[in-house]
Amino acid sequence: GAGVSQTPSNKVTEKGKYVELRCDPISGHTALYWYRQSLGQGPEFLIYFQGTGAADDSGLPNDRFFAVRPEGSVSTLKIQRTERGDSAVYLCASSLKTSGVNTGELFFGEGSRLTVL
Amino acid sequence: GNSVTQMEGPVTLSEEAFLTINCTYTATGYPSLFWYVQYPGEGLQLLLKATKADDKGSNKGFEATYRKETTSFHLEKGSVQVSDSAVYFCALRRETSGSRLTFGEGTQLTVNP
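Residues numbered from 1 in each chain as written. Chains lettered and ligands numbered in written order. Predicted model: local features only at pLDDT ≥ 70, side-chain atom pairs only at ≥ 80, totals over all residues. Heavy atoms only, no water.

Asks: Could you clarify how one ought to interpret the overall build of chain A in this entry?
Replies: Scanning chain A from terminus to terminus reveals zero helices and 13 strands. Listed by position from the N terminus, the elements making up chain A come as β-β-β-β-β-β-β-β-β-β-β-β-β. Residue burial in chain A is summarised as follows: out of 117 residues, 45% are buried. Nonlocal contacts in chain A, meaning residues at least 24 apart in sequence, comprise 55% of its contacts between residues at least 6 apart. Carbon and sulfur atoms form 48% of the exposed surface of chain A, whose accessible area is close to 5,700 Å². Side chains of chain A give 12 positive and 12 negative charges; the mean places of these two sets differ by 6 Å. (Helix = DSSP H or I, 4+ residues; strand = E, 2+ residues; numbered from the N terminus. Buried < 20%, exposed > 50% of the residue type's maximum accessible area, 1.4 Å probe, protein only. Contact = heavy atoms within 4.5 Å. Areas by Shrake-Rupley, 256 points an atom, 1.4 Å probe, with all protein chains shown as cover. Lys, Arg positive; Asp, Glu negative; His and termini not counted. Charge placed at Lys NZ, Arg CZ, Asp CG, Glu CD.)

If you want it as structure tokens, here you go:
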């Protein structure tokens, strides 16, 4: 597709369950980011991939959160033992990385809204 | 640490009114500054950016000037339209943080006809 695609758009789960959120970035974009946006707040950084490796995972709140990007394209954000406080919109973004200097322009998907009951 | 503070919303204006959304930041060094916009039902989009002091970013009639002396990047538009109704986010990126953006809380703008 032309833009960043995220699935599912909405996910309702019960406390304690496992959840996977998927991101398909713009073709050719080597950098991929996950952000979390709580109601009334700005997006908060979670993790950044350059290719297949996590270049910066310092925003992951705890070890229940994990993300992978095995082939350098699609990424999956995994949340174990979900808690009510995990309810938020999870945003994925991708960007080009040029000659070691990033353009800074991130292209965002529409997000996956997670509700933990 | 890095932080971005935006004026509290929501902001409601009539069509053709002048818009200012204030943004101030805290960061070491010389960050790049951005305004992103989120239209209803859509993902965040880059509106404009400035990468060094005194630069002015502009797009779609919106402008913002990077003021290092006041650590500000206020968004302005001379005449808003109904189609400008959206949530606006100010953000910064430090030169040492790769592409990691730090966002403000967002300001909801509603423009009435």
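And the narrative resumes.
Asks: What am I meant to see in the overall build of chain B here?
Replies: Scanning chain B from terminus to terminus reveals zero helices and 12 strands. Tracing chain B from N to C terminus, the helices and strands come up as β-β-β-β-β-β-β-β-β-β-β-β. In terms of C-alpha radius of gyration, chain B reaches 13 Å, essentially the compact-globule figure of 13 Å for 113 residues. C-alpha extents for chain B along the principal axes are approximately 45 × 25 × 20 Å. Each of the 113 residues in chain B was classed as buried or not, and the buried ones make up 45%. Within chain B, counting contacts between residues at least 6 apart in sequence, those at least 24 apart form 56% of the total. A total of about 5,300 Å² of accessible surface is found on chain B, and carbon and sulfur atoms cover 46% of it. Each charge class in chain B was averaged separately, 10 positive and 12 negative side chains, and the resulting centres sit 10 Å apart. (Rg over C-alpha atoms; globule rule 2.2 N^0.38 Å.)

Asks: What should I look at first to understand the nonpolar core in this one?
Replies: Soluble globular proteins tend to pack their nonpolar side chains together in the buried interior. Formed by 26 residues in total, the largest nonpolar core has its most connected members in Trp-35, Leu-47, Leu-48, Phe-73, Leu-75 and Tyr-88 of chain B. For this core, the elements supplying multiple residues, two or more each, are strand E2 (11-14), strand E3 (19-21), strand E4 (23-26), strand E5 (32-38), strand E6 (45-50), strand E8 (62-65), strand E10 (86-93) and strand E12 (107-112) of chain B. In this structure Phe-73 of chain B touches Cys-23, Leu-33, Phe-34, Trp-35, Leu-48, Lys-49, Ala-50, Ala-64, Thr-65, Tyr-66 and Cys-90 of chain B, once residues within four positions along its chain are discounted. One finds Val-4, Ala-88, Cys-92 and Val-116 of chain A within the second-largest nonpolar core, a separate group that totals 20 residues. (Core = buried A, V, L, I, M, F, W, Y, C linked by side-chain atoms within 4.5 Å.)

Asks: Whenever I open this one, the pattern of salt bridges confuses me. Can you help?
Replies: Oppositely charged side chains can pair when the atoms bearing their charge come close. Applying the stated criterion across every chain yields a total of six salt bridges over all chains. Note that Glu-83 of chain A is salt-bridged to Arg-64 of chain A, the shortest N-O span being 3.6 Å. With a gap of 19 residues between them, Glu-83 of chain A in the loop between strand E8 (75-79) and strand E9 (88-95) and Arg-64 of chain A in the loop between strand E6 (53-56) and strand E7 (65-68) connect regions that are remote in the sequence. A residue is classified by how much of its surface remains accessible, and Glu-83 of chain A, at 39% relative accessible area, is partly exposed. On the basis of relative accessible area, Arg-64 of chain A is assigned to the buried category, the value being 6%. Among the salt bridges present, the one from Lys-56 of chain B reaches Glu-63 of chain B, with a minimum N-O distance of 3.6 Å. Residue Glu-63 of chain B is classed as partly exposed on the basis of its relative accessible area, which comes to 35%. In the salt-bridge network here, residues are joined through shared partners; they are Arg-64, Glu-83 and Asp-86 of chain A. (Salt bridge = Lys/Arg side-chain N within 4 Å of Asp/Glu carboxyl O.)

Asks: Looking at this structure, I do not really get the state of the cysteines. What am I missing?
Replies: Disulfides are covalent bonds that link the sulfur atoms of two cysteine residues. All names here are of chain A. Under the definition given, this model contains two disulfides over all chains. There is a disulfide in this structure between Cys-23 and Cys-92, and the S-S distance comes to 1.9 Å. Looking down the S-S bond of the Cys-23 and Cys-92 bridge, the torsion is -70°, so its handedness is left-handed. In this pair, Cys-23 sits in strand E3 (residues 19-24) while Cys-92 sits in strand E9, placing the two residues 69 residues apart along the sequence. (Disulfide = S-S within 2.5 Å.)

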